[in-house]
Each structure stands twice: as structure tokens, then as C-alpha cells.
Amino acid sequence: MMSKLPDTRLRVRAKKVIEKEICRVVSKVKVQKQGKHAEKGLDVASKQSEPKTTQKRNNSNEIVEQKKRKLSLHSDGTKLKCKASDVLPYRPTSKTLKNNDLRHDYVKNEVNKNQSIGEQTITENKSSHVLYIFNTLRNRFNSHRNPSKALSMSKYMRNQFQFFGLQAPERRALYKDLWAEVKKLNSSEIRALVNLTWQSPEREFQLFTTEILEKEMLNIFENEAEFSATSALNTLEFIKSFLAGNKSWWDTVDALAVKVVGPLVKLCQDELLPVMDKWNIDDNFWLCRTSIIYQNSFKARTDEARLYKYCLTQVHSKEFFIQKAIGWALREYYKINPMSVTAFVKENKDRLSSLSIREALKHDK
């Protein structure tokens, strides 16, 4: 037992030394923590002492920076080829823009034909408000893309167009709130916007274009203050580019013919009816189709003689869309004057195609 005593004393001493060292380290850590808390307290006190207006200003600046970072990216995360500030919305007020001259000085409205729409290359000659609407629309369409529906929709249109895969109700819901922004655009800005959307590859953009032209038809006139024949002719010529272009098809042509061209002709018949006469014999069958169906919504105000004349002018056409247009136009007028249409069809049954006759008398019992 006596031989083991020195070892025991050594162990006790070593234990005491270790305990003292542990206490020293713990106390040192506590002091450091207290110092950090004191520094934090000073920071909190300094922040609380700042005026509320300064804090709000800092918060608003942070929000703006976040918006800029979001707007400077595509939906897939890649960077836009423009500054984020270029696509922030511009909302002119009556105080800042008292007349159209000032507005035109502020906004350069011509569309750059060399613009790469697919890459969203942004040029300086477009209103930031126009770009805000366009980029917002593209991002929403992209985020709701439906590849399976897109394939079936493209197949239905003979694989001529790309689609996001958005059906009409869903598509319209995505830009319902944007109509308030479109209403703020002047005629030049509307032209710039519809050129942007029309040149985009996906078909949903062209359908959106037709709705803009329908809703904002009168605002497209160059002379907004005074409705004139010249402005009507210029507007019809502008709309013609969407009827006879490389993206023309029945879905957009029919909407533009009935809901845009028709109301325009009704407003300025003396000036625009000669244009319809020319379109009726034009080599572009979409313009011919437009001349035949533009009265489809006229009902009792339909010019019967002109309708029959246009139908007979194209009666020998082998084009499906012309034969269909003749039948559709006659069917719409049949709802107003069935006896007249029936007599016209019987009189020309040897000249009209079977498709036109079948469509014209679809409601005949």
C-alpha cells in the first residue's frame, strides 16, 4: 500500500492542475462572449436611433434592387441582353406628359427589324413601358408552359407554329391584369408592342396581338385627336401586315377580319370599301377571305349586294379557306335573311362548291 501512495498524490495534483486550466479557459470564453454581446447592443442601439424615414428608404432601395435582379433574368435564369432599368415600367402622368408631342419626344417608337426576339435583345428605341408588358407576358407564358398540350396544338395547326401549350381561358387569365397597362399606351407604343408580340415565335403571342388590335383599334390611329379618312387608311394598311404576313392563318385572320377590319370599314365606308374591292381580287387568299367575311358581325346592316358580289368573284376558287369563307359569310347572313340566302344558293348551285353550299345552308331545315 505504501508503494502506491506517491502515484496517488501525483494523480490528485494533476487533476487539480487540469481543473484550474479548464476554469481559466471557460472564464476567458465568457469574457469574449460578453464583449460580442456588448458590440451587438451598440449596433442595435445605433439602428434604433436612426430615423424611421432612413430605414424605410433603405428597405425600399433593397426592394428595388431585388426587382432589378429579377427583371434582368429570363425565366430560365439566364441574363437578358439589357439593363434591368430598361424594362422597369414607365407610367406617364398628365403632369409629366401634357400632350402627344412630349410623349413622342420621350418614347422612340419604331421597332428595330433586326431585333432578335428569341433572345429578347432589347434596343433603346422602345418604351420601357412596352418592354415591361412584353417581358412580363413572356415570363408568365414561360412559367405556365405545357409541353404535352403544345405538341397537340401545334399538330392541330399543321405544325406551322410553336406553342406554349396554353388554352384560351388560361392564356387570357395570364394577361388579364395587363390590359390596364396596355390602356396607358399611345398609338405609337401600341404599334411597337404588337410588332414585338407578332414577331415572337410562339402562337400565343400572335393571338394576344389580335386581341390588342381588337381592343385598342381606335387608339392605333395616328391622329388620335381627330378621326380622319387618312388615319383610317393608314390603320387598315397597318393591319394588312398581320393579315397577309408569314404568320397568317385562319385563327388570327378571322379574328382580325371580323373584329377589326369590319368595324373600321363600317366607320369609314367611303374610303375603305374600295380597299375591300381590291382585296377581293388580290392574289393573297387571306385578303380575299377577309373581304368576304368582314361583314359577318354586321347583321341587319350587311351590304347584301356586296356580299353576293364578293362570293361570286371567288366562286371558282379551289382554295379551301375561300370556299369555307363563302359558306360562313352566307350562313351568318342567313340568320338575318334566310330567304335571300336560300334563293342565292339555289340560283348559283352549279357554281358554288359543295363545301360552300353545305356551310351556307347549315341551319336550313
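Scroll up a little and you will see the structure.
Now for a look at the structure at hand. (Residues numbered from 1 in each chain as written. Predicted model: local features only at pLDDT ≥ 70, side-chain atom pairs only at ≥ 80, totals over all residues. Heavy atoms only, no water.)

**Some words on a nonpolar patch on the surface**
- Nonpolar side chains collect at one region of the surface, where Ile 18, Ile 22 and Val 26 lie side by side and expose about 270 Å² of accessible area between them.
- Counting through the fold element by element, Ile 22 comes out in helix H1 (residues 5-49). (Patch = residues over 30% accessible without salt bridge, like charges linked within 9 Å, V, L, I, M, F, W, Y side chains within 5 Å. Areas by Shrake-Rupley, 256 points an atom, 1.4 Å probe, with all protein chains shown as cover. Salt bridge = Lys/Arg side-chain N within 4 Å of Asp/Glu carboxyl O. Helix = DSSP H or I, 4+ residues; strand = E, 2+ residues; numbered from the N terminus.)

**Let's talk about the packing of aromatic side chains**
- Here the structure, examined in full by the defined rule, presents 20 aromatic pairs.
- The interplanar angle of 85° and the centroid separation of 6.4 Å between the aromatic rings of Tyr 156 and Trp 250 together place this pair among those described as edge-to-face. Here the residue Tyr 156 occupies a position in helix H5 (residues 147-156), and Trp 250 occupies one in helix H11 (residues 250-267), the gap between them amounting to 94 residues.
- The interplanar angle of 75° and the centroid separation of 5.1 Å between the aromatic rings of Trp 198 and Phe 242 together place this pair among those described as edge-to-face. (Phe/Tyr/Trp six-rings, centres within 6.5 Å; stacked < 30°, edge-to-face > 60°.)

**Here's the deal with the environment of Met 153**
- If you trace the backbone, Met 153 turns up in helix H5.
- Linking Met 153 and Gly 165, residues 12 residues apart in sequence, is a C-alpha distance of 6.8 Å.
- When sequence neighbours within four positions are dropped, the list of residues in contact with Met 153 reads Phe 163, Gly 165, Leu 166 and Glu 204. (Contact = heavy atoms within 4.5 Å.)

**Here's the deal with the packing of helix H8 (residues 187-199) against helix H9 (residues 203-215)**
- One can describe the packing of H8 onto H9 by two numbers: an axis separation of 8 Å at closest approach and a directional angle of 155°. Taken together, the axes of H8 and H9 are roughly antiparallel relative to one another. Judged by the sense of rotation from one axis to the other, the crossing of H8 with H9 is left-handed. Facing H8, whose interface residues are Ile 190, Leu 193, Val 194, Thr 197 and Trp 198, H9 presents Phe 205, Gln 206, Phe 208, Thr 209, Ile 212 and Leu 213.
- When grouped by side-chain class, the residues that make up the contact of H8 with H9 number eight nonpolar, three polar and no charged. (Axes fitted to C-alpha atoms, helices over the stretch in contact; angles between N-to-C directions. Parallel < 35°, antiparallel > 145°, perpendicular 65-115°, else oblique. Left-handed = near helix turned anticlockwise from the far one by under 90°. Nonpolar A, V, L, I, M, F, W, Y, C, P; charged D, E, K, R; others polar.)

**Some details on the packing of H8 against helix H10 (residues 229-243)**
- Remark: H8 packs on H10, axes separated minimally by 11 Å, with the N-to-C direction vectors making an angle of 10°. When the axes of H8 and H10 are compared, the pair comes out roughly parallel. In terms of crossing hand, the pair formed by H8 and H10 is left-handed. Of the residues in H10, those touching H8 at Arg 191, Val 194, Asn 195 and Trp 198 are Thr 235, Phe 238 and Phe 242.
- A class-by-class count of the residues in the contact of H8 with H10 yields four nonpolar, two polar and one charged.

By themselves, these figures tell us nothing about what the structure is for.
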